[in-house]
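# Inside the fold
This is what each chain is made of:
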Amino acid sequence: MASDTLTEAPSRQLYTPEERARRDATIWTTVQGVLAPLQFLVFVVSVALVLRFMWTGYGYDAATVSIIFKTFILLTIMVTGAIWEKVVFGQYLFAPAFFWEDVFSFAVIALHLTYVWALLSGWPHDTQMWIALAAYAAYVVNAGQFLWKLRMARLEAEGRP
């Protein structure tokens, strides 16, 4: 069944007319539209704080708080995104249109939660920050996936391939 999804994905429109109507009608689209840029803003601030700590050794507490906040926003956007997928596509995760984005999102979440585990387990501060930076690198890739889908949706709405 998964191979059918993979072979059909390139020829399928991102949204059927019914899915587009549900996407446009649900409050969860607005929620995602607010949380995504908020998460990016938190990410930018947090990266700066983490890099400051890595370069200077100062600001561990601020970097830690920012990473925890970024992780909270990430988990919130994942839960609300799953609800959005249920409303739009009829399933909570791994809808064909967003299958690979969801798969990679779990890797991003795993890295963020690995950071939390390292923090709670008392791992060395620099190790914690390297884990956070790895989580952030994965987040950038995942955000790029979603931005690409947003672009495809806009082109589709304009009637362009």
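Rules of the game
Residues numbered from 1 in each chain as written. Predicted model: local features only at pLDDT ≥ 70, side-chain atom pairs only at ≥ 80, totals over all residues. Heavy atoms only, no water. Salt bridge = Lys/Arg side-chain N within 4 Å of Asp/Glu carboxyl O. Helix = DSSP H or I, 4+ residues; strand = E, 2+ residues; numbered from the N terminus. Buried < 20%, exposed > 50% of the residue type's maximum accessible area, 1.4 Å probe, protein only. Phe/Tyr/Trp six-rings, centres within 6.5 Å; stacked < 30°, edge-to-face > 60°. Lys NZ or Arg CZ within 6 Å of the ring centre and 35° of its normal.

On to the pattern of salt bridges, then. Pairing between side chains becomes possible if they bear opposite charge and their charged atoms approach one another. Using the criterion set out here, one finds two salt bridges in the structure. The salt bridge involving glutamate 101 is made with lysine 149; its shortest N-O contact spans 3.1 Å. Pair noted here: glutamate 101 is in helix H5 (residues 99-120) and lysine 149 is in helix H6 (residues 125-157), with a separation of 48 residues, a long-range link. Of the two residues, glutamate 101 and lysine 149, both sit in the buried class.

Quick look at unusual backbone geometry now. Backbone geometry places phenylalanine 94, a non-glycine residue, at a positive phi of 65°. Among the structural elements, phenylalanine 94 can be located in the loop between helix H4 (60-89) and H5.

Turning our attention to the packing of aromatic side chains. Within this structure, the stated rule accounts for 13 aromatic pairs. Between tyrosine 15 and phenylalanine 98, the ring centres sit 6.5 Å apart and the planes meet at 50°, which makes this aromatic pair tilted. You can see tyrosine 15 sitting in the loop between helix H1 (2-8) and helix H2 (17-25) and its partner phenylalanine 98 sitting in the loop between H4 and H5, a full 83 residues away along the chain. Here tyrosine 15 matches phenylalanine 98 in class, with each residue buried. Each member of the aromatic cluster is reached from another via a ring pair, and the members are Tyr15, Trp84, Phe89, Phe98 and Phe146. Its guanidinium or amino end placed over the ring of tyrosine 139, lysine 70 lies 3.9 Å from that ring's centre, counting from NZ or CZ. Between lysine 149 and the ring centre of phenylalanine 98, over which it is positioned, the NZ or CZ distance is 5.2 Å.

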